[in-house]
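Summary of structural features
This is what each chain is made of:
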Amino acid sequence: MAERGRPRAFDRTEALRRAMEVFWEHGYEGSSMSDLTSAMGINSPSLYAAFGGKEALFREAISLYGQTDGGYTARALREQPTANASIDAMLRDNAIGYTVEDKPHGCMVVLAGSTYTTRSESVRDFLIEKRRETTGDIRRRLDRGVAEGDLSADTDTAALAHFYTTVLYGLSIQARDGATLAELSQSIDCAMAAWPTAVATP
(Lines give C-alpha, C1' and ligand atoms only; values in the text may rest on other atoms or scores of the structure.)
Protein backbone atom coordinates (compact mmCIF):
# COMPACT_ATOMS: atom_id res chain seq x y z
CA MET A 1 0.00 0.00 0.00
CA ALA A 2 1.45 3.35 -1.01
CA GLU A 3 2.32 5.70 1.84
CA ARG A 4 0.24 8.82 1.96
CA GLY A 5 2.03 11.99 1.00
CA ARG A 6 3.03 14.14 3.94
CA PRO A 7 1.52 17.63 4.17
CA ARG A 8 3.75 20.45 3.05
CA ALA A 9 5.94 21.68 5.90
CA PHE A 10 4.85 24.89 7.58
CA ASP A 11 7.26 27.71 6.68
CA ARG A 12 7.32 29.69 9.91
CA THR A 13 9.63 32.40 8.61
CA GLU A 14 7.49 33.07 5.55
CA ALA A 15 4.31 33.09 7.65
CA LEU A 16 5.90 35.59 10.02
CA ARG A 17 6.94 37.82 7.11
CA ARG A 18 3.38 37.84 5.82
CA ALA A 19 2.04 38.67 9.29
CA MET A 20 4.56 41.49 9.52
CA GLU A 21 3.20 43.02 6.33
CA VAL A 22 -0.38 42.83 7.62
CA PHE A 23 0.55 44.55 10.89
CA TRP A 24 2.67 47.09 9.03
CA GLU A 25 -0.20 48.00 6.72
CA HIS A 26 -3.14 47.88 9.13
CA GLY A 27 -1.62 48.32 12.59
CA TYR A 28 -2.06 46.03 15.56
CA GLU A 29 -5.69 46.90 16.28
CA GLY A 30 -6.63 46.99 12.60
CA SER A 31 -5.30 43.49 11.91
CA SER A 32 -7.91 40.84 12.67
CA MET A 33 -7.09 37.22 13.31
CA SER A 34 -8.78 36.34 10.03
CA ASP A 35 -6.58 38.89 8.21
CA LEU A 36 -3.51 37.31 9.75
CA THR A 37 -4.40 33.66 9.23
CA SER A 38 -5.47 34.36 5.65
CA ALA A 39 -2.19 36.10 4.83
CA MET A 40 -0.14 33.45 6.64
CA GLY A 41 -1.97 30.54 5.06
CA ILE A 42 -2.74 28.87 8.40
CA ASN A 43 -5.70 28.50 10.75
CA SER A 44 -6.08 30.05 14.20
CA PRO A 45 -5.03 26.92 16.17
CA SER A 46 -1.84 26.75 14.09
CA LEU A 47 -1.13 30.43 14.71
CA TYR A 48 -1.50 29.97 18.46
CA ALA A 49 0.58 26.81 18.40
CA ALA A 50 3.39 28.40 16.41
CA PHE A 51 3.43 31.92 17.86
CA GLY A 52 1.43 31.90 21.10
CA GLY A 53 -1.21 34.43 20.09
CA LYS A 54 -1.69 37.76 18.35
CA GLU A 55 0.46 39.90 20.62
CA ALA A 56 3.32 37.42 20.69
CA LEU A 57 3.10 37.22 16.89
CA PHE A 58 3.20 41.01 16.70
CA ARG A 59 6.31 41.22 18.87
CA GLU A 60 8.05 38.68 16.65
CA ALA A 61 6.94 40.62 13.59
CA ILE A 62 8.48 43.79 15.02
CA SER A 63 11.71 41.90 15.62
CA LEU A 64 11.71 40.67 12.02
CA TYR A 65 11.01 44.19 10.80
CA GLY A 66 14.04 45.46 12.71
CA GLN A 67 16.21 42.83 11.05
CA THR A 68 14.91 43.52 7.55
CA ASP A 69 12.91 46.51 6.29
CA GLY A 70 13.41 48.46 9.49
CA GLY A 71 17.16 47.96 9.74
CA TYR A 72 18.27 51.17 8.00
CA THR A 73 18.75 53.18 11.17
CA ALA A 74 20.96 50.67 12.94
CA ARG A 75 23.06 50.19 9.82
CA ALA A 76 23.56 53.91 9.23
CA LEU A 77 24.53 54.55 12.85
CA ARG A 78 26.90 51.60 12.80
CA GLU A 79 28.59 51.96 9.41
CA GLN A 80 28.92 55.65 8.58
CA PRO A 81 32.26 57.28 9.47
CA THR A 82 30.98 60.49 11.10
CA ALA A 83 28.00 61.53 13.18
CA ASN A 84 26.77 63.81 10.40
CA ALA A 85 27.05 61.08 7.79
CA SER A 86 25.27 58.66 10.11
CA ILE A 87 22.26 60.91 10.64
CA ASP A 88 22.11 61.90 6.97
CA ALA A 89 22.20 58.25 5.85
CA MET A 90 19.67 57.29 8.51
CA LEU A 91 17.15 59.81 7.24
CA ARG A 92 17.74 59.26 3.52
CA ASP A 93 17.86 55.46 3.65
CA ASN A 94 14.68 55.33 5.69
CA ALA A 95 12.95 57.77 3.33
CA ILE A 96 13.71 55.40 0.46
CA GLY A 97 12.43 52.45 2.50
CA TYR A 98 9.30 54.35 3.51
CA THR A 99 8.33 54.94 -0.12
CA VAL A 100 9.00 51.56 -1.75
CA GLU A 101 6.04 50.96 -4.05
CA ASP A 102 5.26 47.31 -3.28
CA LYS A 103 5.42 47.61 0.52
CA PRO A 104 3.41 49.52 3.13
CA HIS A 105 4.62 53.11 3.39
CA GLY A 106 6.15 54.51 6.54
CA CYS A 107 7.69 52.85 9.59
CA MET A 108 5.96 49.88 11.21
CA VAL A 109 7.24 50.80 14.69
CA VAL A 110 5.81 54.32 14.37
CA LEU A 111 2.50 53.45 12.75
CA ALA A 112 1.43 49.99 13.93
CA GLY A 113 0.35 51.13 17.38
CA SER A 114 -0.99 54.59 16.63
CA THR A 115 -4.44 53.46 17.76
CA TYR A 116 -5.02 51.20 20.73
CA THR A 117 -7.58 50.09 23.31
CA THR A 118 -7.19 49.14 26.95
CA ARG A 119 -6.65 45.57 25.72
CA SER A 120 -3.61 46.59 23.70
CA GLU A 121 -1.89 49.01 26.08
CA SER A 122 0.97 46.54 26.43
CA VAL A 123 1.52 46.76 22.66
CA ARG A 124 1.48 50.56 22.84
CA ASP A 125 4.04 50.49 25.67
CA PHE A 126 6.19 47.99 23.77
CA LEU A 127 6.33 50.29 20.74
CA ILE A 128 7.00 53.37 22.87
CA GLU A 129 10.00 51.56 24.34
CA LYS A 130 11.21 50.59 20.85
CA ARG A 131 11.04 54.22 19.75
CA ARG A 132 12.87 55.33 22.88
CA GLU A 133 15.58 52.80 22.11
CA THR A 134 16.03 54.40 18.71
CA THR A 135 16.43 57.82 20.31
CA GLY A 136 18.99 56.32 22.67
CA ASP A 137 20.90 54.75 19.79
CA ILE A 138 20.99 58.09 17.97
CA ARG A 139 22.23 59.88 21.06
CA ARG A 140 25.00 57.35 21.58
CA ARG A 141 26.14 57.93 18.00
CA LEU A 142 26.14 61.67 18.60
CA ASP A 143 28.07 61.20 21.85
CA ARG A 144 30.61 59.23 19.86
CA GLY A 145 30.75 62.13 17.41
CA VAL A 146 31.60 64.46 20.29
CA ALA A 147 34.31 62.07 21.49
CA GLU A 148 35.77 61.81 17.99
CA GLY A 149 35.65 65.55 17.31
CA ASP A 150 32.79 65.53 14.79
CA LEU A 151 30.71 67.67 17.12
CA SER A 152 31.60 70.37 19.61
CA ALA A 153 32.11 69.24 23.19
CA ASP A 154 29.23 71.48 24.29
CA THR A 155 26.72 69.89 21.89
CA ASP A 156 23.46 68.97 23.60
CA THR A 157 23.33 65.44 22.21
CA ALA A 158 20.09 64.62 24.03
CA ALA A 159 18.24 67.52 22.38
CA LEU A 160 19.83 66.78 19.01
CA ALA A 161 18.86 63.10 19.24
CA HIS A 162 15.26 64.03 20.02
CA PHE A 163 15.21 66.47 17.12
CA TYR A 164 16.43 63.97 14.53
CA THR A 165 14.19 61.24 15.95
CA THR A 166 11.25 63.61 15.49
CA VAL A 167 12.31 64.23 11.90
CA LEU A 168 12.66 60.49 11.28
CA TYR A 169 9.21 59.69 12.62
CA GLY A 170 7.69 62.67 10.84
CA LEU A 171 9.02 61.33 7.56
CA SER A 172 7.23 58.07 8.31
CA ILE A 173 3.88 59.77 8.80
CA GLN A 174 4.36 61.92 5.71
CA ALA A 175 5.19 58.82 3.65
CA ARG A 176 2.05 57.07 4.88
CA ASP A 177 0.09 60.16 3.86
CA GLY A 178 1.45 59.88 0.32
CA ALA A 179 4.51 62.14 0.30
CA THR A 180 6.99 61.28 -2.45
CA LEU A 181 10.66 60.50 -1.95
CA ALA A 182 11.49 63.88 -3.50
CA GLU A 183 9.29 65.65 -0.96
CA LEU A 184 10.81 63.70 1.93
CA SER A 185 14.28 64.51 0.61
CA GLN A 186 13.51 68.23 0.73
CA SER A 187 12.54 67.87 4.39
CA ILE A 188 15.76 65.99 5.05
CA ASP A 189 17.77 68.76 3.38
CA CYS A 190 16.19 71.26 5.77
CA ALA A 191 16.82 69.03 8.77
CA MET A 192 20.48 68.53 7.88
CA ALA A 193 20.88 72.28 7.40
CA ALA A 194 20.15 72.54 11.13
CA TRP A 195 23.23 70.45 11.96
CA PRO A 196 25.43 72.21 14.54
CA THR A 197 28.23 74.24 13.00
CA ALA A 198 31.58 72.52 13.37
CA VAL A 199 34.06 74.09 15.74
CA ALA A 200 36.80 75.89 13.84
CA THR A 201 40.23 74.36 14.22
CA PRO A 202 42.62 76.81 15.99
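Structure: above.
Just so we're clear, the structure is a prediction, and the values are computed from it rather than from any experiment.

So, how was this worked out
Residues numbered from 1 in each chain as written. Predicted model: local features only at pLDDT ≥ 70, side-chain atom pairs only at ≥ 80, totals over all residues. Heavy atoms only, no water. Helix = DSSP H or I, 4+ residues; strand = E, 2+ residues; numbered from the N terminus. Buried < 20%, exposed > 50% of the residue type's maximum accessible area, 1.4 Å probe, protein only. Contact = heavy atoms within 4.5 Å. Polar contact = N/O pair within 3.5 Å; in protein donor to acceptor, adjacent residues only side chain to side chain. Expected span 1.5 Å × (residues − 1). Phe/Tyr/Trp six-rings, centres within 6.5 Å; stacked < 30°, edge-to-face > 60°.

1. Section: the environment of proline 104
In this fold, proline 104 is placed in the loop between helix H6 (83-98) and helix H7 (108-111). Its relative accessible area of 9% is what places proline 104 among the buried residues. For the pair proline 104 and glutamate 25, spaced 79 residues apart in the sequence, the C-alpha separation amounts to 5.3 Å. Among all residues touching proline 104, those that are not within four sequence positions of it are Glu21, Trp24, Glu25, Tyr98 and Arg176.

2. Observations concerning the side chain of asparagine 94
Mapped onto the elements, asparagine 94 comes out in helix H6. Within the local environment of asparagine 94, its side chain forms a polar contact with the side chain of threonine 73, the two groups lying 2.9 Å apart.

3. Notes on helix H9 (residues 157-176)
Two residues of an α-helix separated by three or four positions point the same way, owing to the 3.6 residues in each turn. For H9, built from 20 residues, the straight-helix expectation of 28 Å at 1.5 Å per residue is met to within 8% by its first-to-last C-alpha distance of 29 Å. Listing the buried residues of H9 in full gives Thr157, Leu160, Ala161, Tyr164, Thr165, Val167, Leu168, Tyr169, Leu171, Ser172 and Ala175. In this fold, the buried residues of H9 make contact with helix H5 (72-79), H6, H7, helix H8 (121-148) and helix H10 (181-193). Residue glycine 178 follows H9 closely and has a positive phi angle near 105°.

4. Quick look at the packing of aromatic side chains
Throughout the structure, instances matching the rule amount to 6 aromatic pairs. Centroid distance phenylalanine 23 to phenylalanine 58: 4.9 Å. Interplanar angle 85°. Geometry classified as edge-to-face. Of the two residues, phenylalanine 23 is situated in helix H1 (residues 12-30) and phenylalanine 58 in helix H4 (residues 54-67); the sequence distance between them amounts to 35 residues. Comparing phenylalanine 23 with phenylalanine 58 shows no difference in burial state: the two are buried. Ring geometry for phenylalanine 163 and tyrosine 164: centres 4.7 Å apart, planes at 70°, overall edge-to-face.

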